[in-house]
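Each chain is listed here by its residues.
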Amino acid sequence: MFAVYGLSGPIFRGTFERLGEVAAVTRSRPVQPVAGEEPRAATGTPSAQAISAYRQMLRVDGDRGPLYHAYQIMQRPVVSLSSEDAVERAWRLLLARRIHQAPVLDAGHRLVGIVSERDLLTTLNLDTDGPRDIMARQVGDVMTTPVVSADPVTDIRRIAQVMLEHAVDGVPIVNERDALVGFVSRGDVLRAVITDPPLSLWR
């Protein structure tokens, strides 16, 4: 289940399939195939010996079973910013925490947007000593809003699909009381895939 939050509060709640109804969160269109171009078939098939060798390399022991939900991989507590924070403070916080984006909350601690390094760079001039010639702007002036969020029990495959189709690098996790409880980034999904013992993401 997904929700979209803007400056006026929740503006959508529903399934992944209905997210397309919210035009404001669509950032880019997927690349379309060139007309008339057919997909190329694979050249050759692996031998039985190669398949056998590959299977021997697989670790079937220690499998933790399927991983489906956002709450199992999300970051918490969440590093967030206020819409009234200065742009310079936001930049320094992202650098100090080594993160690339952060959810933005209003004075009532409700999710209203998300701000990324890219958003902040539109107002900052950087040199070796840090930001200079800073425009007097707040996070609320440069953040992306509305923002797509997900419930804690949302299938992470759906979250990954939202990241791809809506060109976002992370999804805030919001519970049924509209409280920000976590954050799932692309890095969290990738770390889950490579964790040992392996996670059966796609069962």
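For the structure itself, consult the block above.
J.: It is not clear to me how the pairing of strand S4 (residues 101–105) should be interpreted in this structure. Could you clarify?
T.: Consecutive side chains along a regular strand alternate between the two faces of the sheet. Counting buried positions along S4 yields five of five residues, so the element is predominantly enclosed. For S4 and strand S5 (residues 111–116), the ladder comprises five bridges, and the chain directions are antiparallel. For Val-104, the partnering residue across the bridge sits in S5 and is Gly-113. Joining the antiparallel neighbours S4 and S5 is a turn of five residues, in which His-109 adopts a positive phi near 65 degrees.

J.: Any chance you could explain the layout of surface pockets here in plain terms?
T.: Regions of empty space are outlined by a rolling probe, equal in size to a water molecule, passed over the atoms. Of the volumes computed, that of the largest pocket is approximately 160 Å³. Taken together, Gln-75, Arg-98, Ile-99, His-100, Gln-101, Asp-169, Ser-185, Arg-186, Gly-187 and Arg-191 make up the full set of residues lining the largest pocket. For the lining of the largest pocket, a count of residues per class yields one nonpolar, five polar and four charged.

J.: Whenever I open this one, unusual backbone geometry confuses me. Can you help?
T.: Of all residues except glycine, most have a negative phi; of all peptide bonds, most are trans. Residue Pro-77 is bonded to the preceding Arg-76 through a cis peptide linkage, with omega at -5 degrees. You can see Pro-77 is positioned in the loop between helix H1 (48–57) and strand S3 (81–82). Across the junction of Thr-145 and Pro-146, the peptide omega takes the value 0 degrees, indicating a cis bond. Turning to its location among the elements, Pro-146 is positioned in the loop between helix H4 (139–142) and strand S8 (147–150). Despite not being glycine, His-109 has its phi angle at roughly 65 degrees, a positive value. As for its position among the elements, His-109 is in the loop between S4 and S5.

J.: When you look at the pattern of salt bridges in this model, what are you seeing that I'm missing?
T.: It is possible for side chains bearing opposite charge to pair when their charged atoms get close. On inspection of all chains with the given rule, the structure shows eleven salt bridges. Across the pair Arg-186 and Asp-169 runs a salt bridge whose closest N-O atoms are separated by 3.0 Å. Here Arg-186, found in helix H6 (residues 186–194), pairs with Asp-169, found in the loop between helix H5 (156–165) and strand S9 (170–174); they are 17 residues apart in sequence, far enough to count as distant. Here Arg-186 falls in the partly exposed class, since its relative accessible area comes to 35%. Given the relative accessible area of 33%, Asp-169 is considered partly exposed. As a salt-bridge pair, Arg-177 and Glu-176 come within 3.2 Å of each other at their nearest N and O atoms. You'll find Arg-177 and Glu-176 in the same group, each marked exposed. Each of the salt bridges in this network shares a partner with another, and the network as a whole consists of Arg-13, Asp-151 and Asp-178.

J.: Would you mind showing me how to read the side chain of Asp-155 here?
T.: Note on placement: Asp-155 falls in the loop between S8 and H5. A distance of 2.7 Å separates a polar atom in the side chain of Asp-155 from a polar atom in the side chain of Arg-157. If sequence neighbours within four positions are ignored, Asp-155 has contacts with Tyr-68 and His-69.

J.: Can you walk me through the sheet that holds S4 in this structure?
T.: Sheet strands associate in pairs through backbone hydrogen bonding, adopting either a parallel or an antiparallel arrangement. With mixed pairing, three strands are arranged side by side in an open sheet as S3-S4-S5. Two strands lie at the open edges of the sheet, namely S3 and S5, each paired on one side alone. Bridging between S3 and S4 involves two bridges; their strand directions are parallel. Bridging across to S4, Ser-82 finds its partner in Leu-105.

The rules behind the values
Residues numbered from 1 in each chain as written. Predicted model: local features only at pLDDT ≥ 70, side-chain atom pairs only at ≥ 80, totals over all residues. Heavy atoms only, no water. Buried < 20%, exposed > 50% of the residue type's maximum accessible area, 1.4 Å probe, protein only. Helix = DSSP H or I, 4+ residues; strand = E, 2+ residues; numbered from the N terminus. Pairing = 2+ DSSP bridges. 1 Å grid on protein atoms, 1.4 Å probe; cavity = no way out; pocket = protein on both sides within 12 Å on 5 of 7 lines; lining within 4 Å. Points joined across faces, edges and corners; volume = space filled by probe spheres on them. Nonpolar A, V, L, I, M, F, W, Y, C, P; charged D, E, K, R; others polar. Salt bridge = Lys/Arg side-chain N within 4 Å of Asp/Glu carboxyl O. Polar contact = N/O pair within 3.5 Å; in protein donor to acceptor, adjacent residues only side chain to side chain. Contact = heavy atoms within 4.5 Å.

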